[in-house]
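Overview (structure and organization)
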Amino acid sequence: MINLITENVETKERIDKYISNNSNISRNDIKTLIEMHAVSVNGIEVRKNKFNVKNGDLINISKLVQKEMSAKPENIEIDVIFEDKYLAVINKKSGMVVHPAPGHPGGTLVNALLHRFKGLSNINGDIRPGIVHRIDKDTSGLLVVAKENQTHKALADLLRNHEIKRIYYAIVEGKMENKIYHINLPIARDDISRKKMIVSKHKSKNAVTHIYTEKIVGNKSLVRCELETGRTHQIRVHLNYIKHPVFGDPTYGSKVDDFGQRLHAYKLSFIHPITKEKMYFEAPLPKEFDIMKQQ
């Protein structure tokens, strides 16, 4: 069984598209599951894959197709910088996929979390236990993990209401000589390459990124990125749009080495949803950022 609470739905979105974009289930498989009477929203059976979901809906998938994968515990070292009985904060290394997906059935953060912790939330199903939000495979840095469902729901609400502050650092191509860039450009999935996002007014969601230049070394810039919204690939897409792609980004720029893109989730701050404490975490820049040290 899989349960999904819809997030970041601006108005409404087709259920097959939403599930496909937020799980390991293809749109064809979703159609099959609907025909099997295995999909419901807020307790009401869905009969058509054109059904529209809205923000905060609870999607329940009661069956799985045979090829749907599951996650198993694996003894993989991870950097846990905080934990209590409700949540944990992880400093993910670059190159680690967050949860199992086609082409990455194991070796993910989820596999490591299942080995490390006795309990994780199950709101997002068997392949995404504990995962409240994601960062890309080649992005390093901080993300918060929920150990039980009440905390997961509360953290999801904080994200939806922009009450979790996230600051990233990136190395970008070119000299960003303006000190401040405020980018307010909507983002949509690319109709041609479904793994990419683009700036577009068509079927898009609003996206706002504030970028501050901190250092220029040669023909590269070190920038601090503050998010108002949390769209897929948001920083990478916005920086690419203004002709300063993230250095080493194989999708929106050019691959340069095995590290992948230089993008790091540096800061995470929020009010603990259960204890109401102010939580503040920083993860130092990893070694792949050493190229910005002054010679």
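It should be noted that the structure appears before, not after, this text.
Residues numbered from 1 in each chain as written. Predicted model: local features only at pLDDT ≥ 70, side-chain atom pairs only at ≥ 80, totals over all residues. Heavy atoms only, no water.

**Considering the side chain of Thr 108**
For the record, the criterion: Secondary structure elements follow DSSP: runs of H or I no shorter than four residues count as helices, runs of E no shorter than two count as strands, and numbering proceeds from the N terminus. Any N or O atom pair separated by 3.5 Å or less is treated as a polar contact, with the protein-specific requirement of one donor-capable and one acceptor-capable atom, and with residues adjacent in sequence counted only for side-chain atom pairs. Any two residues having at least one pair of non-hydrogen atoms within 4.5 Å are treated as being in contact.
Tracing the backbone shows Thr 108 in the loop between strand 8 (87-92) and helix 3 (109-116). Among the polar contacts listed, one links the side chain of Thr 108 to the backbone nitrogen of Val 110, at a separation of 3.3 Å. Once residues lying within four places of it in the same chain are set aside, the contact partners of Thr 108 are Ile 76, Met 96, Val 97, Val 98, His 99 and Pro 100.

**Comments concerning the sheet that holds strand 3 (residues 39-41)**
Filter applied, for reference: Strands are labelled as partners when DSSP assigns at least two bridges between them.
Reading across from one edge, 1-6-3-4 is the order of the four strands in this open sheet, with antiparallel pairing throughout. If you trace the sheet from one side to the other, it starts and ends with strand 1 (2-5) and strand 4 (44-45), each paired once. Inspection of the sheet shows strand 3 paired to strand 4 by two bridges, in the antiparallel sense. For Val 41, the partnering residue across the bridge sits in strand 4 and is Ile 44.

**A short note on the packing of aromatic side chains**
Put simply, the test is: Stacked, tilted and edge-to-face pairs are distinguished by plane angle, under 30 degrees for stacked and over 60 for edge-to-face with tilted covering the rest, among Phe, Tyr and Trp rings (Trp via its six-membered ring) whose centres lie within 6.5 Å. The classification of residues rests on relative accessible area computed with a 1.4 Å probe and restricted to protein chains. Under 20% of the type maximum is buried, over 50% is exposed, and intermediate values are partly exposed. Two limits define a charge over a ring: the Lys NZ or Arg CZ must be within 6 Å of the ring centre, and within 35 degrees of the ring normal.
Throughout the structure, instances matching the rule amount to three aromatic pairs. When the ring of Tyr 169 is compared with that of Tyr 266, the centres are 5.0 Å apart and the planes differ by 85°; the resulting orientation is edge-to-face. Of the two residues, Tyr 169 sits in strand 10 (residues 165-173) while Tyr 266 sits in strand 16 (residues 263-271), which places them 97 residues apart along the sequence. Residue classification places Tyr 169 among the buried residues on the basis of a relative accessible area of 11%. Counting every residue linked through ring pairs, the aromatic cluster contains Phe 82, Phe 270 and Phe 281. Just above the ring of Phe 247 sits the side chain of Lys 220; from NZ or CZ to the centre is 4.8 Å.

**Focus on the environment of Leu 268**
Tracing the chain through its elements places Leu 268 in strand 16. In this structure Leu 268 comes out as buried when scored by relative accessible area, which is 1%. The sequence separation of Leu 268 and Val 89 amounts to 179 residues, and the corresponding C-alpha distance is 9.0 Å. With residues up to four places along the chain from it excluded, the contact list for Leu 268 reads Val 89, Leu 142, Leu 143, Val 144, Ile 164, Lys 165, Arg 166, Met 279, Tyr 280 and Phe 281.

**Some remarks on the nonpolar core**
Stated formally: In this text, buried Ala, Val, Leu, Ile, Met, Phe, Trp, Tyr and Cys residues form a nonpolar core when linked through side-chain atoms within 4.5 Å.
Formed by 31 residues in total, the largest nonpolar core has its most connected members in Ile 90, Leu 109, Leu 113, Tyr 168, Ile 211 and Leu 239. Put simply, the parts of the chain that give this core at least two residues each are strand 8, helix 3, strand 9 (140-146), strand 10, strand 11 (180-184), strand 15 (220-227), helix 5 (234-241) and strand 16. Per-element tally for this core: the top contributor is helix 3, with four residues. Those residues within four positions of Tyr 168 in sequence are excluded, and the remaining contacts are Ile 135, Thr 139, Val 223, Arg 224, Cys 225, Leu 227, Ile 235, Leu 263, His 264, Ala 265 and Tyr 266. In this structure, Ile 15, Ala 38, Val 39 and Val 41 belong to the second largest nonpolar core, which totals 17 residues.

**A word on unusual backbone geometry**
Of all residues except glycine, most have a negative phi; of all peptide bonds, most are trans. The phi dihedral of Lys 243 is positive, around 70°, even though this residue is not glycine. Look at Lys 276: it is not a glycine, yet its phi comes out positive at around 70°. Along the chain, the position of Lys 276 falls in the loop between strand 16 and strand 17 (278-282).

**So, helix 5**
The buried fraction of helix 5 amounts to six of the eight residues, a majority that puts the element mostly inside the structure. Every buried residue belonging to helix 5 is among Gln 234, Ile 235, Arg 236, Val 237, His 238 and Leu 239, and all of these are buried. One or two steps after helix 5, the chain reaches Lys 243, where phi turns positive at roughly 70°.

**Section: the pairing of strand 6 (residues 58-61)**
Taken together, the four bridges between strand 1 and strand 6 define a ladder with antiparallel strand orientation. Pairing of Ile 5 across the sheet is with Leu 58, part of strand 6. Pairing between strand 3 and strand 6: three bridges, direction antiparallel. In the sheet register, Val 39 faces strand 6, and the bridge partner there is Ile 61.

**Here we look at helix 4 (residues 149-160)**
Stated precisely, the cut-off is as follows: To estimate the expected span of a helix, count its residues, drop one, and scale the result by 1.5 Å.
In this model, helix 4 (12 residues) spans 16 Å end to end at C-alpha, consistent with the 16 Å of a helix rising 1.5 Å per residue. Where helix 4 is concerned, the buried positions are Thr 151, His 152, Leu 155, Ala 156, Leu 158, Leu 159 and Arg 160. Packed against the buried residues of helix 4 are strand 1, strand 8, strand 9, strand 10 and strand 16. The N-cap residue of helix 4 is Glu 148: its side-chain oxygen and the backbone nitrogen of Gln 150 are 3.2 Å apart. Within two residues after helix 4, His 162 carries a phi angle of roughly 60°, on the positive side.

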